[in-house]
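Observations on the three-dimensional arrangement
The lines below spell out each chain.
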Amino acid sequence: MPDAATCGACAAASPKLELRGVCQRYRGSRGETLALDGFDLRVAAHESVAILGPSGCGKSTSLLAACGLQHPTEGEVLVDGVNVRDYTLKALRDKIGYVPQQSFLFKGTIASNVAYGDTERNDADVKTACDVAQATEFIDKKDKKYDSGIAQGGSNVSGGQKQRLSIARAVYRHPEILIFDDSFSALDFKTDRAVRDALEREAKDSTKLIVAQRIGTIMNADRIIVLDDGKVVGQGTHHELLDNCEVYRQIAESQLSEDELNR
Ligand code: ADP
Ligand code: MG
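Structure report, in brief.

1. Description of the site of ligand 1
Around ligand 1, the neighbouring residues are Tyr-26, Thr-33, Ala-35, Pro-54, Ser-55, Gly-56, Cys-57, Gly-58, Lys-59, Ser-60 and Thr-61. The separation between an oxygen atom of ligand 1 and a polar main-chain atom of Gly-58 is 3.1 Å. Taking Ser-60, its main chain carries an N or O atom lying 2.9 Å from an oxygen atom of ligand 1. Broken down by secondary-structure element, the contributors of at least two residues to the shell around ligand 1 are strand S2 (31–43) and helix H2 (59–66). Here the shell around ligand 1 takes three residues from H2, the largest share from any one element. Partitioned by chemical class, the residues of the shell around ligand 1 number four nonpolar, six polar and one charged.

Structure follows, in structure tokens:
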């Protein structure tokens, strides 16, 4: 297995997103944690890459580094060949749509949450983004539709609805790179699938980096990176990993039926 999580397309062209030797140390009350230990990743433009691994293996940490929200202890992150530290926050936000593990809504309306930060809201784009995020159905049931009120923190909508609006917010901006941190976990399998299918259609040109706990969510990614204890322990397609990555096979066996495993 190569050291870096690389792909054929990246070898030829410069990658859209690159993590080079990223190490992240956290200091806490119980001492120091090495959450990422020399993580290398190259993602080509338009590629869809998934990261899978047990809880605490460093998935969220790798995404925080990738979107420039947390500069790693060591190593560097490049977007279009430029270090994320050299972008303004606004430029990075325009390029990267990030959906955090914990979705957050602001006091306002559905539309103001989806178009958050955009002073010239485009209502047609709000609707398209909500369609992609499979949020339209519950919005249409509300009297005030897109003008329905949202309480601080989104306390008046369900977890699944919050997650869908948070996905819509990222999609609304048409970012070149979309990063999802376990952003489909509160959705039922059917909705999860529908969001991913819609993303394939509506955001097909975006580079995607997706963390998920469910194998079903990421099985069809161009490439799956398996992390364990801050290190890459496997990469490839679902079928390649079933054959050659013990950590992946164990996760797959715990989630998929015998039939699904042999497909
Ligand atoms: P995952 O997303 O795969 O569950 P994380 O990236 O959240 O993993 O965490 C990796 C490790 O780093 C875990 O041991 C976690 O407890 C620790 N960690 C994450 N964030 C912090 C933080 N802000 N402070 C201290 N430790 C952290
Ligand atoms: Mg996480």
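2. Structural notes on the coordination of the magnesium ion (ligand 2)
Coordination of the magnesium ion (ligand 2) by the protein is provided by Ser-60 (OG) and Gln-101 (OE1), with metal-donor distances spanning 2.1 to 2.5 Å. Taken as a pair, Ser-60 in helix H2 and Gln-101 in the loop between strand S6 (96–99) and strand S7 (108–109) lie far apart in primary sequence, 41 residues in all. A relative accessible area of 24% means that Ser-60 is categorised as partly exposed. With a relative accessible area of 34%, Gln-101 lands in the partly exposed category.

3. Here's the deal with helix H7 (residues 159–172)
Since the α-helix packs 3.6 residues into each turn, any two residues three or four apart lie on the same face. Over its 14 residues, H7 extends 20 Å from the first C-alpha to the last, a length consistent with the 20 Å expected when each residue adds 1.5 Å. For H7, the tally of buried residues reaches 12 of 14 residues, placing the bulk of the element in the interior. When we look at burial in H7, the residues that qualify are Gly-160, Gln-161, Gln-163, Arg-164, Leu-165, Ser-166, Ile-167, Ala-168, Arg-169, Ala-170, Val-171 and Tyr-172. Positive phi appears at His-174, one or two residues downstream of H7, with a value of about 50°.

4. A word on the sheet that holds strand S12 (residues 231–236)
The mixed open sheet is built from six strands, whose spatial order is S6-S9-S10-S3-S11-S12. Two strands bound the open sheet, and with one partner strand each, they are S6 and S12. Across the sheet, the axes of successive neighbouring strands diverge by a mean angle of 15°, strand direction being ignored. Sitting on the sheet, H7 touches S6 and strand S9 (177–181), and the angle it makes with S6 is about 175°.

5. Looking at the environment of Leu-242
One can find Leu-242 in helix H10 (residues 238–244). Residues Leu-242 and Leu-261 lie 19 residues apart in sequence; the distance between their C-alpha atoms is 8.3 Å. Here Leu-242 is in contact with Tyr-248, Arg-249, Ala-252 and Leu-261, once residues within four sequence places are set aside.

The rules behind each value
- Residues numbered from 1 in each chain as written.
- Chains lettered and ligands numbered in written order.
- Predicted model: local features only at pLDDT ≥ 70, side-chain atom pairs only at ≥ 80, totals over all residues.
- Heavy atoms only, no water.
- Near = heavy atom within 4 Å.
- Polar contact = N/O pair within 3.5 Å; in protein donor to acceptor, adjacent residues only side chain to side chain.
- Helix = DSSP H or I, 4+ residues; strand = E, 2+ residues; numbered from the N terminus.
- Nonpolar A, V, L, I, M, F, W, Y, C, P; charged D, E, K, R; others polar.
- Donors = N, O, S within 2.8 Å, 3.2 Å for Na, K, Ca; no water.
- Buried < 20%, exposed > 50% of the residue type's maximum accessible area, 1.4 Å probe, protein only.
- Expected span 1.5 Å × (residues − 1).
- Pairing = 2+ DSSP bridges.
- Axes fitted to C-alpha atoms, helices over the stretch in contact; angles between N-to-C directions.
- Contact = heavy atoms within 4.5 Å.

Taken by themselves, the reported measurements are silent on function.
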